[in-house]
Amino acid sequence: MALLIFSTLAIFILAEFTNAINVNSSPSKIPLGQPGQLTINCTTLDWSTNERVVLKSLTLSSAFIGQARDFQDLVTYSVDSDGEFELSPISRDINAVAEGHIDPRGESYLSLTFPRPNSEDARVYRCVAQGEYTNGDLITRQDIVETEINGDFLVRSVGELQNAVHELLEISDETQDSIKELETANQGISDEVKQVSSAASAAQSGLAALTESVEALRASSVSKESLESSLANVNNVVQLLESVQVNAKINTEQRLASLEASFASLQASLGDLGRSHDALKARFTRAAAQLFDVSAPYNGRRYYLARKIVDATIHTAQATCEVYGGYLAEVNNATEFQFVQEFLKTTTVLTGVFISGTDAAKEGQWVWPRLQQPVGFIDWAPGQPDNWGTYANCLILWRDKNWKMDDTDCYLQNGLTRFLCEIPE
């Protein structure tokens with residue numbers, strides 16, 4: 001009878017605290033690149049309903065998604081040797097602020113606030129509450145919550161980058177037009193200088209001829225009237241030469257002023273182009289840091305492994321790679337494939353990675369969609385390809401198959417399936 005009463009009491013106590021703790025994420029999706037913060041909040045309900053239990057500590061820990069719940073403690077709020085509650089130092093793996101309060105028999109909480117969350121903060125968070133019965137026995141309760149990246153923002157970021165590329169191309173076109181105008185103006189000045197030089201040469205030739213005529217007249221016995229007439233002709237030629245020189249100088253100065261204005265406009269356009277280029281490069285760099293993990297260089301290229309994003313098709317993946325100047329990874333030979341495999345082995349949270357290759361047009365004939373050429377190298381996993389469900393028309397590398405090739409459907413359906421870009425440096 002006593003045993004039955006004790007068992008019933010134990011069952012009652014365990015049931016009473018089954019839902020006595022809750023951990024949640026606010027917001028549920030990490031707002032990358034946007035103003036806002038991420039808060040992980042652990043709360044306990046009123047434990048005073050059972051006077052046999054006193055709350056002793058709250059601990060927040062985390063594990064990367066897909067790591068079989070390998071939790072690492074982040075911060076603990078617990079009672080010290082003097083009976084006072086205190087916060088432990090926050091783990092160096094995160095950039096967050098901790099806050100907490102414990103009422104041993106009432107409502108308590110422990111929170112972590114990330115002022116500028118990034119993709120590394122997308123984890124599974126666990127809160128553990130530990131209490132103690134009056135007889136010294138311990139009771140532990142826990143709850144978990146999983147956060148993910150706000151994929152809507154990533155989609156918008158790709159769109160904004162595409163718009164920025166179009167703006168840069170428009171500025172580049174305007175600059176090319178300015179350069180052509182400058183070249184045209186310069187050619188016009190060169191032509192006028194040639195005309196002035198030609199006129200000056202002709203005038204000098206005429207002057208030389210007239211001078212000879214004057215000398216001849218002086219040597220001959222001509223009349224004073226004839227000599228004066230010849231001198232008048234000389235003066236006319238000199239005046240004509242001076243007029244040509246003045247007009248040429250005015251035209252040249254006007255052309256030079258126009259050329260300087262065009263050059264200033266070109267410099268302004270080049271300045272706008274440089275600033276736009278720098279801004280676009282900075283935006284690409286910031287977005288790439290949020291979207292990808294990047295490999296070491298290989299033959300003048302790098303491999304960009306997508307981080308966790310919303311569900312997408314292989315076409316969305318290809319478009320994302322193209323925004324960054326690349327394409328879905330195209331494996332050409334065994335050496336390159338080994339490099340890719342070693343890079344993927346450094347990751348710890350993925351189950352599968354898409355690369356370029358499809359046989360959607362004709363079953364069994366694998367081509368690269370970008371080039372419409374046969375896939376250069378294939379190393380199938382054992383038993384593959386199997387054309388599972390007749391929709392397996394894309395190439396994927398699976399962790400549990402030692403990162404060898406398999407055919408699968410072309411839809412990225414969960415957070416542990418990513419895609420690999422190949423981007424020239």
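First, a word on scope: everything that follows refers to the structure included in this document. Predicted model only: the values in this text are computed from it and were never measured.

Quick word on the sheet that holds strand β6 (residues 85-87)
Read across the sheet, 5 strands follow the order β6-β5-β4-β9-β10 without closing on themselves; strand pairing throughout is antiparallel. Looking at which strands have only one partner, the edges of the open sheet turn out to be β6 and β10 (138-146). Ignoring which end each strand starts from, the neighbouring axes of this sheet average 20° apart. As judged from the 6 bridges shared by strand β4 (residues 53-64) and strand β5 (residues 72-79), these two strands associate in the antiparallel manner. The residue of β5 that forms the bridge with Ser62 is Gln72.

Some thoughts on the side chain of Ser61
Checked against the element boundaries, Ser61 lands in strand β4. Those residues within four positions of Ser61 in sequence are excluded, and the remaining contacts are Phe71, Gln72, Asp73, Leu74, Val124, Tyr125 and Arg126.

Some thoughts on helix α4 (residues 314-323)
Of the positions making up α4, those classed as buried are Ile314, Ala317, Gln318, Thr320, Cys321 and Val323. Once α4 finishes, Gly325 follows within two positions and takes phi at roughly 85°, a positive value.

Focus: unusual backbone geometry
Residue Ser26 is joined to Pro27 through a cis peptide bond whose omega torsion reads -5°. For the bond running from Gln384 to Pro385, omega is 0°, close enough to zero to count as cis. In this fold, Pro385 is placed in the loop between β18 (373-374) and β19 (394-398). Non-glycine residue Asn299 carries a positive phi angle of around 50°. With respect to the helices and strands, Asn299 occurs in the loop between β12 (292-294) and β13 (301-306). Despite not being glycine, Asn402 shows a phi value in the positive range, around 60°. With respect to the helices, strands and loops of the structure, Asn402 is situated in the loop between β19 and β20 (404-408).

Examining the pairing of β10
Here strand β9 (residues 123-133) runs beside β10; their pairing, made up of 9 bridges, is antiparallel. Paired with Cys127 across the bridge in β10 is Asp143. Following β9, the chain reverses through 4 residues before pairing antiparallel with β10; Gly136 in that reversal takes a positive phi of roughly 100°.

Topic: the sheet that holds strand β8 (residues 108-114)
The 4 strands are arranged β1-β3-β8-β7 in an open sheet whose pairing can be described as antiparallel. What marks the edges here is a single partner per strand, and that holds for β1 (21-26) and β7 (97-101). Strand-to-strand twist in this sheet, taken as the mean axis angle between neighbours without regard to direction, amounts to 10°. With 7 bridges connecting them, strand β3 (residues 38-44) and β8 associate as antiparallel partners. Its bridge partner being in β8, Leu38 is matched across the sheet by Phe114.

Digging into the pattern of salt bridges
According to the stated counting rule, one finds 7 salt bridges in the structure shown. Shared partners join several salt bridges into a network, and the residues in it are Arg301, Glu336 and Glu422.

Observations regarding the environment of Ala122
Position of Ala122 relative to the elements: it lies in the loop between β8 and β9. When its relative accessible area of 9% is taken as the criterion, Ala122 is described as buried. Considered as a pair, Ala122 and Glu146 are 24 residues apart in the sequence and their alpha carbons are 7.6 Å apart.

Details of the nonpolar core
Counting 24 residues, the largest nonpolar core has Leu58, Leu60, Leu112 and Phe114 as its most contacted members. Those elements that provide at least two residues to this core are β1, β3, β4, β5, β8 and β9. Beyond its immediate stretch of four places on either side in the chain, Leu58 contacts Cys42, Thr44, Val75, Thr76, Tyr77, Ile102, Ser108, Tyr109, Leu110, Cys127, Val128 and Ala129. Val340, Val375, Leu397 and Met405 belong to the second largest nonpolar core, which has 20 residues in total.

Comments concerning the pairing of strand β22 (residues 417-424)
Counting buried residues along β22, 7 of its 8 residues qualify, which places the element largely inside the surrounding structure. Here strand β15 (residues 327-328) runs beside β22; their pairing, made up of 2 bridges, is antiparallel. For Tyr327, the partnering residue across the bridge sits in β22 and is Glu422.

Conventions and cut-offs
Residues numbered from 1 in each chain as written. Predicted model: local features only at pLDDT ≥ 70, side-chain atom pairs only at ≥ 80, totals over all residues. Heavy atoms only, no water. Pairing = 2+ DSSP bridges. Helix = DSSP H or I, 4+ residues; strand = E, 2+ residues; numbered from the N terminus. Axes fitted to C-alpha atoms, helices over the stretch in contact; angles between N-to-C directions. Contact = heavy atoms within 4.5 Å. Buried < 20%, exposed > 50% of the residue type's maximum accessible area, 1.4 Å probe, protein only. Salt bridge = Lys/Arg side-chain N within 4 Å of Asp/Glu carboxyl O. Core = buried A, V, L, I, M, F, W, Y, C linked by side-chain atoms within 4.5 Å.

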